[in-house]
Amino acid sequence: QVQLVESGGGLVQPGGSLRLSCAASGSIFSINVMGWYRQGSGEQRELVAAISSGGSTNYVDSVKGRFTISRDNAKNTVYLQMSSLKPEDTAVYYCHADLILVGTWSPRGYWGQGTQVTVSS
């Protein structure tokens, strides 16, 4: 049993900042890539940022220079620092992790429940 629990969403004014956190718990052997996705109203879910276990990162073009993804491997936690937020960043943000459970060999993907981020004045 694995849980990904997100926190840190909310309402922020344009130009403001928020920090999202996602902690994975359960019978986890190892975690490969962790990432953040978002889904705006009526839109498809898109990858925002991802980070490998070694710290390599990639971002969707629309957030480069404004968002920073990081992780604490000891805590099985991934963060998304969001700055210079824009109204178009409004969405439900989902955490995702590719991980290997104890006693298994193949990685599987798991999702968090989502956290709402609203950027509005």
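Structure's up top.
Below you will find a few notes about this structure. (Residues numbered from 1 in each chain as written. Predicted model: local features only at pLDDT ≥ 70, side-chain atom pairs only at ≥ 80, totals over all residues. Heavy atoms only, no water.)

1. Notes on the nonpolar core
Ranked by size, the top nonpolar core spans 30 residues in total, and within it W36, F67, V78, L80, M82, Y93 and L99 carry the most contacts. Broken down by secondary-structure element, the contributors of at least two residues to this core are β1 (2-7), β3 (18-26), β4 (28-39), β5 (46-51), β7 (67-72), β8 (77-82), β9 (91-101) and β11 (115-119). Setting aside its immediate chain neighbours within four residues, Y93 contacts E6, L20, W36, Y37, R38, V48, F67, L80, M82, G114, T115 and V117. (Core = buried A, V, L, I, M, F, W, Y, C linked by side-chain atoms within 4.5 Å. Buried < 20%, exposed > 50% of the residue type's maximum accessible area, 1.4 Å probe, protein only. Helix = DSSP H or I, 4+ residues; strand = E, 2+ residues; numbered from the N terminus. Contact = heavy atoms within 4.5 Å.)

2. With respect to the sheet that holds β7
As summarised here, the arrangement of the four strands in space is β1-β3-β8-β7, forming an open sheet in which the pairing is antiparallel. Bordering the open sheet on either side are β1 and β7, each of which pairs with just one other strand. Within the sheet, the average angular offset between the axes of one strand and its neighbour, ignoring direction, is 15°. Judged from the six bridges that link them, β3 and β8 form a sheet pairing that is antiparallel. Directly across from S21, in β8, lies its bridge partner Y79. (Pairing = 2+ DSSP bridges. Axes fitted to C-alpha atoms, helices over the stretch in contact; angles between N-to-C directions.)

3. Some thoughts on unusual backbone geometry
At N76, a position not held by glycine, the phi torsion is positive, near 50°. Position of N76 among the secondary structure elements: in the loop between β7 and β8. Judged by relative accessible area, N76 falls into the partly exposed class, the value being 25%. Backbone geometry places S84, a non-glycine residue, at a positive phi of 50°. With respect to the helices, strands and loops of the structure, S84 is situated in the loop between β8 and β9. Since its relative accessible area comes to 42%, S84 is described here as partly exposed.

4. Some thoughts on the state of the cysteines
For the structure on display, the rule yields one disulfide. With a sulfur-sulfur separation of 2.1 Å, C22 is cross-linked through a disulfide to C95. Its S-S torsion of approximately -80° makes the covalent link between C22 and C95 left-handed. With C22 in strand β3 and C95 in strand β9, this residue pair connects regions lying 73 residues apart in the sequence. Residue C22 is classed as buried on the basis of its relative accessible area of 0%. (Disulfide = S-S within 2.5 Å.)

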